[in-house]
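So you can see what is in the structure, the chains are spelled out below.
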Amino acid sequence: MGVGLARGGGALSDPGPLLTPGELLGPPDAVAPTMLGCWLVTDRPDGRVALRLTEVEAYAGDGSDPAAHSHRGPTPRAAVMFGPPGRLYVYFSYGVHWCANVVVGAPGEGSAVLLRAGDVVAGEERAAARRPAARTSRDLARGPARLTQALAIGPADRDADLLHPSSPVRLHRGDPPAQVSAGPRVGISVATELPWRFWETGAASVSAFRPGGRPRARRAGQDGAP
């Protein structure tokens with residue numbers, strides 16, 4: 001069955017200006033909810049897809065968050081997390097799918113925000129072709145793995161500058177949600193008590209909450225469930 005493309009409420013507005021580095025400074029749990037409503041836009045050879053973020057998770061690099069990949073310092077995997085803000089940190093999760101994160105905070109801090117879910121607002125037919133298993137519009141980017149699939153984000157986008165107008169992956173200001181909810185992060189096995197997952201209250205594209213994650217013998221968390 002194809003994805004239904006009709007949407008109510010009239011035409012969608014265009015994205016706002018690109019975010020600036022200053023808008024991404026601050027503690028990750030303070031920056032993360034401000035990213036809800038922002039547009040993540042990708043330009044690929046087959047065209048443009050954009051989504052409006054409805055769910056994110058914060059990960060701190062100040063040493064207090066063992067679930068962050070940066071907890072052990074700037075390893076080869078996590079070096080991108082150490083800045084500057086606005087870079088795209090892409091990693092392979094559980095050996096199955098890619099996840100996308102926005103680096104936030106001051107350079108050298110090691111903080112990032114995982115992009116968990118969004119509503120596709122441009123290029124929906126293109127996103128549906130990349131996500132043939134999706135039965136409805138809400139499922140196109142409902143979860144971090146689906147989000148990267150819908151936007152065709154992968155290892156080649158690692159360290160992309162989301163704040164530069166010529167970048168193939170960009171982060172734009174959008175209309176903020178009317179209400180924001182917060183709760184535990186998903187798919188991790190450490191620091192599970194922190195209420196650092198933020199989502200647009202009532203948004204259909206927000207992923208289902210499943211507490212806990214797979215045991216991580218040698219690595220930290222930050223591996224959002226698909």
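Predicted model, so just to flag it, every value in this text is computed and none were measured.

Colleague: Sorry, what's going on with the overall build of the chain here?
Modeller: Across its full length, the chain holds three helices and eight strands. Taking all 226 residues of the chain together, 53% fall into the buried category. In the chain, the proportion of contacts linking residues at least 24 apart, taken out of those at least 6 apart, comes to 68%. Total accessible area computed for the chain in this model is approximately 9500 Å², and 57% of it derives from carbon and sulfur atoms.

Colleague: Hey, could you run me through helix α3 (residues 144–151) in this one?
Modeller: Counting buried residues along α3, six of its eight residues qualify, which places the element largely inside the surrounding structure. Burial in α3 covers these residues: Pro144, Ala145, Leu147, Thr148, Ala150 and Leu151. On its buried side, α3 packs onto β1 (39–44), β2 (47–59), β4 (97–104), β5 (111–122) and α2 (124–130). Ala152 occupies a position one or two residues after α3 and carries a positive phi of about 55 degrees.

Colleague: Before we go on, may I ask you to explain the side chain of Ser167 in this structure?
Modeller: Topologically, Ser167 is positioned in the loop between α3 and β6 (169–172). Overall, the relative accessible area of 8% leaves Ser167 in the buried class.

Colleague: Could you clarify how one ought to interpret unusual backbone geometry in this entry?
Modeller: Glycine aside, negative phi is the norm for most residues, and most peptide bonds take the trans geometry. Pro84 follows Gly83 through a cis peptide bond whose omega is 5 degrees. Considering the arrangement of structural elements, one finds Pro84 in the loop between β2 and β3 (88–93). Look at Asp159: it is not a glycine, yet its phi comes out positive at around 75 degrees. Phi angles above zero are rare outside glycine, and Ala191 is one such case at about 50 degrees. Its place among the elements puts Ala191 in the loop between β7 (180–183) and β8 (197–200).

Colleague: Help me understand the packing of aromatic side chains, please; the structure alone is not making it clear to me.
Modeller: Aromatic ring pairs are reported here in terms of the distance separating the ring centres and the angle at which the planes meet. Scanning the entire structure with this criterion turns up two aromatic pairs. Between Tyr89 and Tyr91, the aromatic rings sit 5.3 Å apart at their centres with planes inclined by 35 degrees, giving tilted as the arrangement. For the pair Tyr89 and Tyr91, one class covers both residues: buried. The interplanar angle of 40 degrees and the centroid separation of 4.6 Å between the aromatic rings of Phe92 and Trp98 together place this pair among those described as tilted. Between the NZ or CZ atom of Arg197 and the centre of the ring of Trp199, over which it lies, the distance is 4.3 Å.

Colleague: Can you help me understand the nonpolar core in this one?
Modeller: The tendency in soluble globular proteins is for nonpolar side chains to be buried side by side. Membership of the largest hydrophobic core comes to 54 residues, with the highest contact counts inside it found for Met35, Leu40, Leu115 and Leu171. Residue assignment for this core shows that the elements contributing at least two residues are β2, β3, β4, β5, α2, α3 and β6. Among the elements that line this core, the one with the most residues is β2, at six residues. Apart from the residues within four sequence positions on either side, Leu40 is in contact with Val49, Ala50, Leu51, Leu115, Leu147, Leu151, Ile153, Leu162, Val169, Arg170 and Leu171.

Colleague: Looking at this structure, I do not really get the pairing of β1. What am I missing?
Modeller: The side chains of a regular strand alternate, first on one face of the sheet and then on the other. In terms of burial, β1 is largely enclosed, as five of its six residues are buried. The antiparallel hairpin formed by β1 and β2 contains two residues in its connecting segment. Pairing analysis gives four bridges linking β1 to β6, with the strands arranged antiparallel. Looking at the pairing, Thr42 lines up with Val169 of β6.

Colleague: Any chance you could explain the pairing of β4 here in plain terms?
Modeller: Within β4, seven of the eight residues are buried, which leaves it mostly tucked inside the rest of the structure. Where β3 meets β4, six bridges bridge the pair, whose relative direction is antiparallel. Note that in β4 the partner of Tyr89 across the bridge is Asn101. The loop that links β4 with its antiparallel partner β5 comprises six residues; one of these, Gly105, has a positive phi angle of about 85 degrees.

Colleague: Teacher, can you tell me more about the pattern of salt bridges here?
Modeller: Where side chains of opposite charge bring their charged atoms close, a pairing between them can arise. Tallied over the full model, the rule gives 12 salt bridges. As a salt-bridge pair, Arg170 and Asp43 come within 2.9 Å of each other at their nearest N and O atoms. In this pair, Arg170 sits in strand β6 while Asp43 sits in strand β1, placing the two residues 127 residues apart along the sequence. Assessed through its relative accessible area of 6%, Arg170 is described here as buried.

Conventions we followed
Residues numbered from 1 in each chain as written. Predicted model: local features only at pLDDT ≥ 70, side-chain atom pairs only at ≥ 80, totals over all residues. Heavy atoms only, no water. Helix = DSSP H or I, 4+ residues; strand = E, 2+ residues; numbered from the N terminus. Buried < 20%, exposed > 50% of the residue type's maximum accessible area, 1.4 Å probe, protein only. Contact = heavy atoms within 4.5 Å. Areas by Shrake-Rupley, 256 points an atom, 1.4 Å probe, with all protein chains shown as cover. Phe/Tyr/Trp six-rings, centres within 6.5 Å; stacked < 30°, edge-to-face > 60°. Lys NZ or Arg CZ within 6 Å of the ring centre and 35° of its normal. Core = buried A, V, L, I, M, F, W, Y, C linked by side-chain atoms within 4.5 Å. Pairing = 2+ DSSP bridges. Salt bridge = Lys/Arg side-chain N within 4 Å of Asp/Glu carboxyl O.

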